[in-house]
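Okay, here's what each chain looks like letter by letter:
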There are 2 protein chains.
Amino acid sequence: MASIVRRAAASRFTFSRLARLSSTNCKPPMPQNPHFPCVDAHAERESRLLSSLSSASSSSQSTKLATDPSSYETGPEPPYARPNPQSYKTYHHPAPLRLAYSDTPLPSFTIAYESWGTLSPSKDNVILLHTGLSASSHAASTPANPAPGWWENFIGPGKALDTNQFHIICTNVIGGCYGSTGPSSIEDATGRPWATRFPIVSVFDMVNAQFHLLDSLGIDKLYASVGCSMGAMQSLAAGWLHPQRVGKIVSISGTARSSPSAVAMRFAQRSVLMADPNWKNGFYYDGLPPHTGMKLARQIATITYRSGPEWDLRFGRQLRAVPETDASSPSTDTNPSPSRPPALCPDFLIETYLDHQGESFCLKYDANSLIYISKAMDLFDMTLPALQALNVRPSGASSAFSQFAYDAPTPTPIPTPTTDRHRTSHSKSHPPPVNPPAYLSELAAGMAPLAHIPTLVLGVQSDILFTVEQQREVADALRMAGNERVSYYELGGVWGHDTFLIDVHNVGGAIRGFLS
Amino acid sequence: MASIVRRAAASRFTFSRLARLSSTNCKPPMPQNPHFPCVDAHAERESRLLSSLSSASSSSQSTKLATDPSSYETGPEPPYARPNPQSYKTYHHPAPLRLAYSDTPLPSFTIAYESWGTLSPSKDNVILLHTGLSASSHAASTPANPAPGWWENFIGPGKALDTNQFHIICTNVIGGCYGSTGPSSIEDATGRPWATRFPIVSVFDMVNAQFHLLDSLGIDKLYASVGCSMGAMQSLAAGWLHPQRVGKIVSISGTARSSPSAVAMRFAQRSVLMADPNWKNGFYYDGLPPHTGMKLARQIATITYRSGPEWDLRFGRQLRAVPETDASSPSTDTNPSPSRPPALCPDFLIETYLDHQGESFCLKYDANSLIYISKAMDLFDMTLPALQALNVRPSGASSAFSQFAYDAPTPTPIPTPTTDRHRTSHSKSHPPPVNPPAYLSELAAGMAPLAHIPTLVLGVQSDILFTVEQQREVADALRMAGNERVSYYELGGVWGHDTFLIDVHNVGGAIRGFLS
């Protein structure tokens, strides 16, 4: 602090001297100060928002914007803006939802969902698809909402999730902002948005809410629980909470225990978001949202979603080719302009890419939902001690839980190959580790309820957020827990964590093979 | 935008309805809103700064703070706050400094430096040590400044840079804020701080300024140019600009060409900093600095300086054990408090670690210096086309430059082993690649002036900022350029980029061996 005090004192001295000089006859030249389009963009966005707000009450324009597909960005993220209640179904649960981390339940909740394919008469062909952090229930286009969904190429006739065979249900998670109850929902007790009075939710709470929906639909057992990223956490949590109701589990680029690196990256995002003066401790719903913080958070997130090798190939050190004032719509022109002098605002294509990703996301998602759901990811931990500290238990019995002791997790013998196709293929090539570290034994103990559920674990070697080591950890823990039907794949490629949104051939192929 | 418009409209409707309700007899309960110590910390810091500012003119306290070592943080970063002109030497260059990216030179400059060991009568034992981004010239303690320096354990009698043998000089770089000319310096033409009127500087400019200092000291030739991180860039740049004046080069955890991933990570830091309302386009010197942006930027930077494996070992998923109100001084108590419910502010030790790193740095370094120097790192590129676009050339001749043609870089034959100890050992085990990619040929062509300078390249496999692939790239390009005296080492370990600050045994050993 001393440095600042002294610097400021020196500067102020300079300025007072300057004032004296100016008042006499010796005016120093006043060079023009530089301007920064990449910073001005925040103020310009704020002005646009303010003027939209002021005309919102009478706005036919706002309705137009919300339904005009051209106002949505394309890309791997859901092209979904403000929820349109006609485009999805909802289930309202009027009773309290017990929460993993809170003694006070959520008094009631609504869950938004969409579905694809036909439910069989015996209701035995249901796949529950879980979303990543910011996705909506709109995983694929529907008659009610023809916009492409976030997993458009994976859902449909003959696709990875084959609608000729399966009835697929996808929900917006509790804590989200696309139709399900979250921080932006109205709290009945106050008539105001929950904001940060909303309780901390866990991945287990998201899944329990989904099972209340399944109950309401009369669906007793899932053919499979499928998810990528945070969806993979939910997929594993579904098997743990309801081991008798889940036929198969698919965990893609997920984890059973968030790593400190991933926590660090999400902490950085929450920190920039919560530092935005517009965040106002979460109580911003009657004014402007923290759009700048959201943009900055998304820029950081984007770094974790892709990988260095992809950027080397895609951008290299190419310079942006468009004027700085067009920062919001970067060109991918391959002709750099080496003659343009460098500036403090974006020079390189990689910078305009990040800027654009932030810009196109910052008004599409509720900031509090981002904070709550990223926190839920951080908290996710299926080691036995962590699970024992929760307020929730596997359904059916606490016995499923009490058969394991933390101090002495049951050592699992290496499975003996049998004639079963799955058992033979997996156990032979991937026995569980002989001398596992302590946390892995705790993870195996925690994941014991999943011991009898065939599970596909798929990860990507270039993923820096859910590393390939974490994929191996999930597979090893399941095998140590006695699961002899673990399918395990690692993908190469340069797309990092986002591979699950892009690599239809390899990701889709593994899913199709596992589900068939 | 539509989503916000509609959300805000809905919220406002709710609030007006609430107002009507309140004005009648039906008041909803008003639960207490949560508070967020990790966010309040920014406002508290701001208050402290404001009150310090208001008492600064008469402040004996500020002087006390600046000289009281207990007011400095310890750790790998320099324990250096506001420059104390008694603790280092300065050289003022009254003539213009030609700049790599600007047609207008820097009119004059001052460079701060410190030195260790005795200069030999023939001045042939000089090592120029280059710093990373935020370090000062205070690499090790001196009689004038007994505080430990940023490379304290590497400089001294018998250490990696042996003061019994060498005279070591370290400068604060041009663009910095520890005594050398930078954005916080007064611009003669206006009598005000340069702020963002300061020209874009490059790593080459930093080095040219250093060579003007060497000229003033009568030092014609360096025994070695040594640097880590951005210091390694300077070390390579010194060899390129002044090939006849550099005896040996040491490049540790550096690069000859910043990668898009590293640009992305630094872009994220600049973005959060420039979005701080206190940044004011860089013209903040008469008021508060962008301390919140600096804290957030440092949090992101810290993620890139260390590595996941270290955090797995050091923090794992341990929870913080201290009350939230003490966020600025996290405990490393190994007893987590699993019974404390999770919160949106830091829960995990990794979060308090990042918070603490940001907090302890945010007032120690000038924000504009951070922006300018991180930009200089992004721009660093020793491929021939990039070098040809600069306003600076290797000294002595443009001939050293013109012997290479971009369109047809001279193919370099694989060196033939000779009886020379260095040549034999390096060329045999590490021939240059047979089919190098185009950029590597361009890099070799650009680095041709370094072909005759023995060079140590050392990198760390867990470094995510200056990856091990980039270390191999530097070594390969030098070999392709015909350099037969490249020493190349990769270190394991979990410390990532910061290894050069920590691993005295391995990093120091490699340097000592190479310099002897």
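As annotated in an unreviewed UniProt entry, chain A carries the name AB hydrolase-1 domain-containing protein and comes from Psilocybe cf. subviscida. The record held by UniProt for chain A lists under Sequence similarities (unreviewed entry) the comment "Belongs to the AB hydrolase superfamily. MetX family."

**Notes on unusual backbone geometry**
Leaving glycine out, the prevailing phi sign among residues is negative, and the prevailing peptide bond configuration is trans. Residue and element names in this part refer to chain B. Located in the positive-phi region is Ala 195, a residue other than glycine, with phi close to 50°. The exposure class of Ala 195 is buried, given the 21 C-beta atoms found within 10 Å. In this structure, Ser 229 takes a positive phi of about 60° despite not being glycine. Here Ser 229 is to be found in the loop between β9 (224-228) and α5 (230-241). Residue class for Ser 229 comes out buried when judged on the 26 C-beta atoms lying within 10 Å of it.

**Focus on the pairing of strand β12 (residues 486-491) of chain A**
All names here are of chain A. Across six bridges, the pairing between strand β11 (residues 455-460) and β12 is parallel. If you follow Val 457 over to β12, its bridge partner there is Tyr 488. Tracing the backbone out of β11, into helix α15 (residues 468-480) and back to the parallel element β12 gives a crossover that is right-handed.

**Some points on helix α2 (residues 37-54) of chain B**
Residue and element names in this part refer to chain B. Its 18 residues give α2 an end-to-end C-alpha distance of 25 Å, which sits within 8% of 26 Å, the value for a rise of 1.5 Å per residue. Turning to α2, its buried residues are Cys 38, Val 39, Ala 41, His 42, Leu 49 and Ser 52. All buried residues of α2 fall inside an arc of 145° around its axis, so they share one side. Turned more than 90 degrees off the buried face of α2, the exposed positions are Ala 43, Glu 44, Ser 47, Leu 50, Ser 51 and Ser 54.

**Some thoughts on the sheet that holds strand β2 (residues 109-116) of chain B**
All names here are of chain B. Read from one edge of the open sheet, eight strands run β1-β2-β6-β3-β9-β10-β11-β12, paired in mixed fashion. With one partner strand each, in any of the chains shown, β1 (89-93) and β12 (486-491) form the two edges of the open sheet. Between one strand axis and the next, the sheet turns through 20° on average, direction left out of account. Where β9 and strand β10 (residues 249-252) come together, four bridges link them in parallel fashion. From the neighbouring strand, Ser 225 faces β10, where its bridge partner is Ile 249. Relative to β9, α5 is tilted by about 155°, and along the sheet it contacts β3 (126-130), β9 and β10. Its contacts with the sheet place helix α15 (residues 468-480) against β10, β11 (455-460) and β12, and it is angled at close to 160° to β11.

**Some thoughts on the packing of helix α9 (residues 349-361) of chain A against helix α6 (residues 260-274) of chain B**
Here α9 of chain A crosses α6 of chain B at 50°, and the two axes come no closer than 9 Å. In terms of axis orientation, α9 of chain A runs oblique to α6 of chain B. Crossing of α9 of chain A against α6 of chain B: the hand is right-handed. Taking contact as the criterion, the partners of Ile 350, Glu 351 and Leu 354 of chain A in α9 of chain A are, on α6 of chain B, Pro 260, Val 263, Ala 264 and Phe 267 of chain B. Classifying every residue of the contact of α9 of chain A with α6 of chain B gives six nonpolar, no polar and one charged.

Thresholds, definitions, all that
Residues numbered from 1 in each chain as written. Chains lettered and ligands numbered in written order. Predicted model: local features only at pLDDT ≥ 70, side-chain atom pairs only at ≥ 80, totals over all residues. UniProt positions renumbered as here; feature names shortened; annotations may be inferred. Buried ≥ 20, exposed ≤ 12 C-beta atoms within 10 Å, placed from the backbone. Helix = DSSP H or I, 4+ residues; strand = E, 2+ residues; numbered from the N terminus. Pairing = 2+ DSSP bridges. Right-handed = clockwise from strand over helix to strand, strands pointing away. Expected span 1.5 Å × (residues − 1). Arc of directions from axis to C-beta. Axes fitted to C-alpha atoms, helices over the stretch in contact; angles between N-to-C directions. Contact = placed C-beta atoms within 7 Å. Parallel < 35°, antiparallel > 145°, perpendicular 65-115°, else oblique. Left-handed = near helix turned anticlockwise from the far one by under 90°. Nonpolar A, V, L, I, M, F, W, Y, C, P; charged D, E, K, R; others polar.

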